[in-house]
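# Structural overview
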Amino acid sequence: MEETKKHRKPDIDYRLLRFIIFLIALLLPVIVTEFFTIYLNTISEAYWKITRNGFVGLLFVVGAFLFVYSGHKTSQSILSKVGGVAAVCVACIPAAEKATLTDIGLYFH
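Residues numbered from 1 in each chain as written. Predicted model: local features only at pLDDT ≥ 70, side-chain atom pairs only at ≥ 80, totals over all residues. Heavy atoms only, no water.

## Quick look at helix H2 (residues 14–35)
The sharpest bend along H2 comes to roughly 50°, located at Leu27, with the proline Pro29 sitting one to four residues further on. Those residues of H2 that fall on the buried side of the exposure criterion are Leu17, Ile21, Ile24, Leu28, Val32 and Thr33. Lining the buried residues of H2 we find helix H3 (52–68). (Bend = angle between axes of the 7 residues up to and from the residue. Helix = DSSP H or I, 4+ residues; strand = E, 2+ residues; numbered from the N terminus. Buried < 20%, exposed > 50% of the residue type's maximum accessible area, 1.4 Å probe, protein only. Contact = heavy atoms within 4.5 Å.)

In structure tokens form, the structure reads like this:
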């Protein structure tokens, strides 16, 4: 009985989890701009447009997947947790609405 628990196959394989994170992160700008058919100068602009809910939702999904991903080493696990928290923080604390590249340091988070 004890041995059966020890060798239980995980519900989601780590390779599938990695692939899902990769797809969402790669397609985030495409989904946000194409789904809502709006042009954005930067991805941060999505927070201030009609695309906010999709943008914030996808960042929360990426953050959650990164947070639950453990990796093979302790360093991978720690960096994944930090990345997950950072993704949620980016979703919750947006950049200034009209920030440009010259003044982004003044308004960014």
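## What to know about the nonpolar core
In this structure, Ile24, Leu28, Val32, Leu40, Ala46, Tyr47, Phe55, Val56, Leu58, Leu59, Val62 and Ala91 together form the largest nonpolar core, which totals 12 residues. Broken down by secondary-structure element, the contributors of at least two residues to this core are H2 and H3. Once residues within four sequence positions are removed from consideration, Phe55 is found in contact with Leu28, Val32, Ile43, Ala46 and Tyr47. (Core = buried A, V, L, I, M, F, W, Y, C linked by side-chain atoms within 4.5 Å.)

## Regarding the packing of aromatic side chains
The description of two aromatic rings rests on the distance between their centres and on the angle between their planes. Enumeration over the complete set of coordinates arrives at 1 aromatic pair. The aromatic ring of Phe67 is capped on one face by Lys81, whose charged end is 5.4 Å from the ring centroid. (Phe/Tyr/Trp six-rings, centres within 6.5 Å; stacked < 30°, edge-to-face > 60°. Lys NZ or Arg CZ within 6 Å of the ring centre and 35° of its normal.)

## Looking at the state of the cysteines
Think of a disulfide as a covalent bridge from one cysteine sulfur atom to another cysteine sulfur atom. Inspection of every chain in the model, using the stated rule, returns 0 disulfides. Left without a disulfide partner, Cys89 is nearest to the cysteine sulfur of Cys92, which lies 6.9 Å away. (Disulfide = S-S within 2.5 Å.)

## Points about helix H4 (residues 74–92)
Taking 1.5 Å as the rise per residue, H4 with 19 residues should run 27 Å; its terminal C-alpha atoms sit 27 Å apart, in good agreement. All of the buried residues in H4 are Ser77, Ser80, Gly84, Ala87 and Ala91. Viewed along the axis of H4, the buried residues span an arc of 90°, placing them on a single side of the element. What points out from H4, more than 90 degrees from its buried face, is the exposed set Thr74, Leu79 and Val82. Among the structural elements, H3 are those in contact with the buried residues of H4. (Expected span 1.5 Å × (residues − 1). Arc of directions from axis to C-beta.)

## Digging into the packing of H3 against H4
To characterise two packed helices, one gives the angle between the axes of the helices and the distance between these axes. It is the contact of H3 with H4, at a shortest axis distance of 7 Å, that shows an interaxial angle of 165°. One way to sum up the angle between H3 and H4 is to call them roughly antiparallel. In this structure, the crossing between H3 and H4 has a hand that is left-handed. Here Val56, Leu59, Phe60, Gly63, Leu66, Phe67 and Val68 of H3 come into contact with H4, specifically with Ser80, Lys81, Gly83, Gly84, Val85, Ala87, Val88, Val90, Ala91 and Cys92. Here the contact of H3 with H4 is built from residues that sort into 12 nonpolar, 4 polar and 1 charged. (Axes fitted to C-alpha atoms, helices over the stretch in contact; angles between N-to-C directions. Parallel < 35°, antiparallel > 145°, perpendicular 65-115°, else oblique. Left-handed = near helix turned anticlockwise from the far one by under 90°. Nonpolar A, V, L, I, M, F, W, Y, C, P; charged D, E, K, R; others polar.)

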